[in-house]
Amino acid sequence: MALSGSAPRRYAEAIFDLAKAESAVDAYRASLDGLAGGISPQAIRALRDPSVPVRQRLAAIEAVTIGQPKAIRSLLLLLEGRDRIALLPDIARAYGDLVDRNAGIVKAKVTTAVALDGTEQRALVDRLEKTSGRRLKATFAVDASLIAGARVQLGDHVVDSSVRAQLNALRQRLAGN
């Protein structure tokens, strides 16, 4: 997955290095995810609004980061000071990607013709992990045009075992003869 820019990745890498040094990788992830998920577009606009006094904006950040790791609080204060607070969701996403990559987890996107329930999703992920030899973090989507079967994307590799793909392959073979 491409990041929306190199700045979020650089901030995420710096925080990841600090988290590893403090053996707090998961705590930092939880903190970033919570803060990024809890900050609304209106809050970001208010934190970027020059008509709101700087002292008031910094006090707001101090208030929402009580109980958070010191490095996360410092990051938010730095972002606010550089008018880059809007990068927080992208930084959290980039940090999560770094944590997953470091843990050997590969992102998988599974598209099926019909929705799968939780048990079916887990069973499919288990089979994919066994087949690929990798730990997966899967997201699921539905595309009825697949007719049946599934299309699985593991990183840059795509396996399309849908009926639609099989029909397209058959069509190409028949057209070639």
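Fair warning: this is a prediction, and the values are worked out from it, not measured in the lab.

A. Fine view of the pattern of salt bridges. Enumeration over the complete set of coordinates arrives at 12 salt bridges. Between Arg48 and Asp83 there is a salt bridge; the shortest N-O distance is 3.0 Å. Note that Arg48 is positioned in helix 3 (residues 41-48) and Asp83 in the loop between helix 5 (70-81) and helix 6 (88-102), a separation of 35 residues in sequence. Take Arg48: its relative accessible area is 40%, and that puts it in the partly exposed class. In this structure, the salt-bridge partner of Glu62 is Arg73, at a minimum N-O distance of 3.0 Å. On the criterion of sequence distance, the pair formed by Glu62 in helix 4 (residues 54-64) and Arg73 in helix 5 is long-range, its members being 11 residues apart. The exposure class of Glu62 is partly exposed, given its relative accessible area of 32%. A relative accessible area of 24% places Arg73 in the partly exposed class. Taken together, the shared-partner salt bridges connect Arg29, Asp33, Asp100 and Lys137 into one network.

B. Looking closely at the environment of Leu32. Relative to the helices and strands, Leu32 resides in helix 2 (residues 25-38). Residue Leu32 is classed as buried on the basis of its relative accessible area of 0%. Separated by 12 residues in the primary sequence, Leu32 and Ile44 place their C-alpha atoms 15 Å from one another. Excluding residues that lie within four positions of it along the chain, Leu32 makes contacts with Ile15, Ile72, Leu75, Leu88, Ala92 and Tyr95.

Thresholds, definitions, all that
- Residues numbered from 1 in each chain as written.
- Predicted model: local features only at pLDDT ≥ 70, side-chain atom pairs only at ≥ 80, totals over all residues.
- Heavy atoms only, no water.
- Salt bridge = Lys/Arg side-chain N within 4 Å of Asp/Glu carboxyl O.
- Helix = DSSP H or I, 4+ residues; strand = E, 2+ residues; numbered from the N terminus.
- Buried < 20%, exposed > 50% of the residue type's maximum accessible area, 1.4 Å probe, protein only.
- Contact = heavy atoms within 4.5 Å.

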